[in-house]
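Structural description and commentary
Here is what each chain is made of, one letter per residue.
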Amino acid sequence: MAGLSRRDLLRIGGATALGSAVVGCGPGDSGGGGVKEVRVAWSSGAERSAAIVKALDWVQSQGTGWKVTGEYGATNALDTRVKAQLAAGAGPDIYQTHNLDIGSLVHGNAALDLTSYIPGTIQMSKWDEQAITGGRVQGKQYSISTGSNTVMAMYDPNLTKPAGLEVLRPDWHWTDLPGAAEEIHKASGRRIAGIGDSSMELLTFQVYLRSQGGELFDANGTFLPTATEIGEYWNYWQGMRKSGACTSADIAAKFNDSRDISQNALALKKAAIIFDFSNRLPSVEEVTNTKLSSTTYPMGQRPGMYIRPSLLWMVSSHSKNPELACRVVNGLVNGEGAADALTGQLGVPDNPALFARVRAGAADKRQYDYIDLVRTKKYVTELKDVNLPPGGGDMFTAFGTTAEKVAFGQLSVADGASNFMKLADKALHQQR
Amino acid sequence: MMRLIRARRRERPKARGDGLIALVFLAPWLVGMVVLTLGPMAIALYLSFTDYGLLQTPRWIGLNNYSSLVRSDLSFIDSVKNTVVYVLITVPGKVGLALGVAVLLNARFRGRGFYRSAVYVPSLLGASVALAVTWRQIFTDNGLLNQVLKLFGVKGPDWISDPRFALYVLVLLAIWQFGSPMLIFLAGLQQIPVALLEAATIDGASPVRRFLSVTLPLLTPLVFFNVVMQVIGSFQVFSQAYVVSGGTGGPANSTLLYSLYLYNQGFVSFRMGYAAAMAWMLLIVIAAVTAANFILSRYWVFYDDALD
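Here is a short report on the structure shown in this document.

Rules and cut-offs
Residues numbered from 1 in each chain as written. Chains lettered and ligands numbered in written order. Predicted model: local features only at pLDDT ≥ 70, side-chain atom pairs only at ≥ 80, totals over all residues. Heavy atoms only, no water. Helix = DSSP H or I, 4+ residues; strand = E, 2+ residues; numbered from the N terminus. Rg over C-alpha atoms; globule rule 2.2 N^0.38 Å. Contact = heavy atoms within 4.5 Å. Lys, Arg positive; Asp, Glu negative; His and termini not counted. Charge placed at Lys NZ, Arg CZ, Asp CG, Glu CD. Buried < 20%, exposed > 50% of the residue type's maximum accessible area, 1.4 Å probe, protein only. Salt bridge = Lys/Arg side-chain N within 4 Å of Asp/Glu carboxyl O. Polar contact = N/O pair within 3.5 Å; in protein donor to acceptor, adjacent residues only side chain to side chain. Core = buried A, V, L, I, M, F, W, Y, C linked by side-chain atoms within 4.5 Å.

Notes on the overall build of chain B
- For chain B, the count of helices and strands is 13 helices and 2 strands.
- Against the compact-globule benchmark of 19 Å for 308 residues, chain B has a radius of gyration of 25 Å, which places it well outside the compact range.
- In chain B, the proportion of contacts linking residues at least 24 apart, taken out of those at least 6 apart, comes to 67%.
- Of the side chains in chain B, 24 bear a positive and 13 a negative charge, and the two mean positions are spaced by 8 Å.

A word on the side chain of K94 of chain B
Residue and element names in this part refer to chain B.
- As for its position among the elements, K94 is in helix α3 (residues 74-106).
- Among buried charged residues, K94 stands out as having no salt bridge; its nearest opposite-charge side chain is D158, 23 Å away.
- Within the local environment of K94, its side chain forms a polar contact with the backbone oxygen of Q177, the two atoms lying 3.4 Å apart.
- Reaching out from K94, the side chain makes a polar contact with the side chain of Q230 at a distance of 3.2 Å.

Here we look at the environment of P303 of chain A
Residue and element names in this part refer to chain A.
- Its location among the elements puts P303 in the loop between β11 (293-295) and β12 (308-309).
- When the C-alpha atoms of P303 and Y208 are compared, they prove to be 8.7 Å apart, with 95 residues separating the residues in sequence.
- With near-sequence residues (within four places) excluded, P303 lies in contact with S211, K378, Y379, V380 and T381.

Quick notes on the nonpolar core
- Core analysis: the largest hydrophobic core is formed by 81 residues, its most contacted members being L177 and W234 of chain A.
- If we skip the residues at most four places from it in the chain, W234 of chain A touches S199, F399, T402, A403, V406, V413, G416, A417 and F420 of chain A.
- Core analysis: the next-biggest nonpolar cluster, separate from the first, contains 54 residues, Y66, V101, F178 and F235 of chain B among them.

Quick look at the structure:
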């Protein structure tokens, strides 16, 4: 378990102080004198929370007669509380969610259809189509992208260099990866693996599958992969695990179970390359304490990567001030001050003018350059429905757990794939 | 006879008044029991027959939750297996250790009071986050245990991240917290008549024979009590699994105990109906095991009133 450093404590303190500045009063205070309150809730680490609080502070300063209240906390605790509040019709006006969960929230009638607030209150006319559709569920605009990201292979060049792979080229293929990873493993004197085991990541499987021409879901939310395709993917990693090209099961499980960035294979100094999301590069560098390089995920017949909303802003269907809530959302995604405050931590701005502005002012431009690179060089294949259907979150967990059983040798690849198909069916069926 | 009946009739109004006063005094408890225990239990029973995702209105689905649990939920089966293993090792381990330490601490020696307090401390810590962090520091890859093993040239595994060992780390944590049953045994040991032990000594019984033939039979009601309490507690264990595994029950579901899976279904996946069905199944299983324990106790528990 990662402990809190002195720095983390200072950040939390700073975020709390900033929160107080925005909040004015404590959470839940309705405000007096005709002041309308808009409650915003999100879960994240201290650094990101501090940035969001600063952005909300700026949004509040752009209007009068409203008060923007921030509530945040650790993922599980906050999400449980907020969902219980939403169920009781007393939740925050705005809630930050993600593509695994939005389907279930819409299914539970917790999210407001924002279509009637666009383009009047929320402006997205200049946005990339992918960023707009990324907030849609069943064709309706139930959420708005907080900013875009994609997946990224991050690596420590000092560890790849001994294998003659100082620079990993973005046009590499899945078939290149096992050999390259094994070379890194051998060149390190078998001390480290080439790459962190990603067999437990449903979203990496999705990229792999898409690069082979497949898709995870069709437009109706039907799960498309077969047990054979899942088995192929797990066999791919199984082979690398045996040769030492990828990390052992216990290292991979450590990250899969904690989702703690400090437990990834790069941070643990157990591998030279990991797969993660592009907007997390600075955070991964911080926990790794190393200047990292990056490249795309490998390709197949086509690129499997896609650009998607990093996170989503959703307005509660019970909000008493939906118009104001939409104004706050618009401020967060289209406001210059908010974009400056967020520094790309919720993904790169989808508003092109803000993208250029933040990129120009950023000390570290790599995240912006990377999104530009994958867009312009076509390292992505567009995906219309990036949001998983209801039950997607459970399926994500089931994929990781079953892959762990396969990696630890508790299940054969074939049995694991067959079990996962049952679990996926159950997860999706139970939420319908 | 008639006088007696009349006298009783005369007493009735007073008895009624007493009953009413008793009811008034009991009211807070009764209201609490109905509102906070029986009411939620009844609601949970109703929800167990519904598809209730917290964000939606409950929809009646009959026995579907129960049949789905038993027929097609592989994680449920994992959680049942883990919990059975946990109960089967933890209960005898904890009760046995508690009895052994209680016997040792019942002897007269210097610093007895200090040792009695010291062995009780782990039970006071409960399932705190601090304890989980400590436990992780001991059993993780570079933890204290592996550092010690390293001194002997042994490379230990990452006990918490390896599904072969992770559950046993939880078992060890539970057994380590043996203070409460130990205290009960200690109290029982002090109630054993010295005369019986002296008589056995005069008859030439060795310390082991005295323990097996005098002490243990007289302690069986307390062994039974501790076994019943520990079985119930072990079936319901949640916090230790939650804090040590970070709430996931990993790796590979190896620490997914029943209550943790129930919690995850209810408060992570928001399947309240499903979680309610799990809660009722747990209640029925615990009731059945406790009833079985009571029936079996007739054959091995010795109550000293049998001597009367």
